[in-house]
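Each chain, written out:
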Amino acid sequence: MSAFSYPSEVTIREVGPRDGIQSEKAEVSTADKIRLIDALSATGLPRIEAVSFVSPKAIPQMADATEVWAGIRRNPEVFYSALVPNRKGAEIAAEVEVDGLQVFTAATDSYNLKNTGVTVEDSLPRVRDVVEVAQGAGIPVEGTISTAFGCPYEGDVAPERVVQVTRWLIDEGITSISYGDTTGMGTPRRVRDVITALQADAPEITLNMHFHDTRGTGLANVLTALELGITYFDASIGGMGGSPYAEGATGNIATEDLVHMLEDMDIVTGIDLSALITAGRTAQSFLPGELPGKILKAGPRLG
Ligand code: MG
C-alpha cells in the first residue's frame, strides 16, 4: 500500500526553447530553434514556452523571437506561450497571436533588482500592464515567481514571503503562477513548506512548479509536489539551460527524465517518450556541451 495517493494525470510545460536556450552560452540559430519547437510539437506535449519578447540588448539569445514564432508549424493541440517583461513585449506577443503570456517577478528584491532593475513591489505595475494587454487580447496570462525556494543573494526565502508576493500577483489579476527554483536551492523540505503555505493562504491559485536539478534534488522535489497534489510542472528537453550563476551547473529538470519517471508511476502525461528522446537528440545536435538529461544517455529502463 502506498503512503501517498499520487495524481492520475499531470500537465507538463516544456520550457527548453525559451528558458533552456536563453540560459545556454552557445548561440543557437533561428533554424535550429524552429527545428526544436517543431520536434517538441510532435511529442504530445500540451504546452510549450516557445519564445520571449524582450529587449534584444538585454537577452540577445531571443532577438529572433519574431522569426522563430513565424517559422514554426503550430500544432493546434499545443498551447504556445511567450514570456514577456512588460507592456511592449506583451503587445508584440498579442499581435503575433501567441496562445498565452507569462509575466515574471521574483520572491526576493536582490534577485529582482539584479535581473530586472526594480524591486518586487516596483515590478507590479509591469505585471498589471501585461495582464491588461492579455485581457484586451482575450488570451490567458500566467505569472512566474523566481527564487521561490531560495535566493543566491538572500539565502533561504520564507514561505510567508512567497505567499505575500503571490497575493500581490493575485491583486493584479493573475490566477496561475509558476514557482521557480531559479538556482536549484530547493529540497523536498523547502518544497513542502512553500506548497503547504500556498495551499493554505492562496488556495485560489493554480500552482506550477519549475524545478532545477542543480544540486540533484529535481525529481525528489517533483515527487514531494506530487504528494501534495500538484499536477502542473515545467521541464526542459535534455535538461537544457544551465544555471547562469554557476559554471557547468545543471539547470532545469529534463522533460524526458520526468516523463520516464511519471510513466512508470502510471501517471498520465499524454507525451510520447520516444518522440521526446528524438527531440532531445535534436537539441543535443546544435549544442556543444553534453546535455545533462539522464534518459538521453542511458535510454529508458526497459530500453
Ligand atoms: Mg529554469
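See the structure shown above.
Here is what the cut-offs are and how they apply
Residue indices begin from 1 for each chain and proceed along its sequence in written order. Local features are withheld for residues below a pLDDT of 70 in this predicted model, meaning they are given only at 70 or higher, and side-chain atom pairs are given and counted only at 80 or more; totals for whole chains, interfaces and linings count all residues. The side-chain values count all of the structure's non-hydrogen atoms but skip hydrogen atoms and water molecules. We count a stretch as a helix when DSSP gives it H or I for four or more residues in a row; a strand needs E for two or more, and each element gets its number in order from the N terminus. Think of it in three bands: residues with accessible area under 20% of the maximum for their type are buried, residues over 50% are exposed, and the middle band is partly exposed, with areas taken using a 1.4 Å probe on protein chains only. What makes two residues a contact is simply this: any of their non-hydrogen atoms within 4.5 Å. Note on donors: an N, O or S atom is included if it sits within 2.8 Å of the metal, or within 3.2 Å for Na, K and Ca, and water is never included, so sites can look incomplete. Think of a salt bridge as a Lys or Arg side-chain nitrogen and an Asp or Glu carboxyl oxygen that are within 4 Å of each other. Working definition: rings of Phe, Tyr and Trp (its six-membered ring) pair if their centres are within 6.5 Å, and the pair is stacked with planes under 30 degrees apart, edge-to-face with planes over 60 apart, and tilted otherwise. Lysine and arginine charges are scored as sitting over a ring when NZ or CZ, respectively, is within 6 Å of the ring centre and within 35 degrees of the ring normal.

A. Seen up close, the side chain of T144. Among the structural elements, T144 can be located in strand 5 (residues 141-146). Residue classification places T144 among the buried residues on the basis of a relative accessible area of 14%. When neighbours within four sequence positions are excluded, T144 is seen to be in contact with Q102, V103, F104, T105 and S178.

B. View of the coordination of the magnesium ion. Donor atoms from the polypeptide that coordinate the magnesium ion comprise D19 (OD), H210 (NE2), H212 (NE2) and N252 (OD1), at 2.2 to 2.3 Å from the metal. Between consecutive donors of the magnesium ion, the numbers of intervening residues give the motif D-x190-H-x1-H-x39-N. Separated by 40 residues along the polypeptide, H212 in the loop between strand 7 (206-210) and helix 9 (218-227) and N252 in the loop between strand 8 (232-235) and helix 10 (255-264) bring together distant segments of the chain. For the pair shown, H212 and N252 are each scored as buried.

C. Structural detail: the pattern of salt bridges. Applying the stated criterion across every chain, the model contains 17 salt bridges. Between D64 and K33 there is a salt bridge, with the nearest N and O atoms lying 2.7 Å from each other. Highlighted residues: D64 in the loop between strand 2 (47-52) and helix 3 (65-71) and K33 in helix 2 (residues 30-41), separated in sequence by 31 residues. The pair D64 / K33 is uniform in exposure class, with both members buried. Measuring nitrogen to oxygen at the nearest pair gives 2.7 Å for the salt bridge that ties E132 to R87. On the criterion of sequence distance, the pair formed by E132 in helix 6 (residues 120-137) and R87 in helix 4 (residues 87-95) is long-range, its members being 45 residues apart.

D. Quick peek at the packing of aromatic side chains. If you walk through the whole model with that rule in mind, you get three aromatic pairs. Here the aromatic rings of F149 and F211 are separated by 5.6 Å at their centres, their planes lie at 55°, and the arrangement is tilted. Of the two residues, F149 is situated in the loop between strand 5 and helix 7 (159-171) and F211 in the loop between strand 7 and helix 9; the sequence distance between them amounts to 62 residues. As far as the burial class goes, F149 and F211 line up, both buried. A cation over an aromatic ring shows up here: R47 above the ring of F79, its NZ or CZ 4.2 Å from the ring centre.

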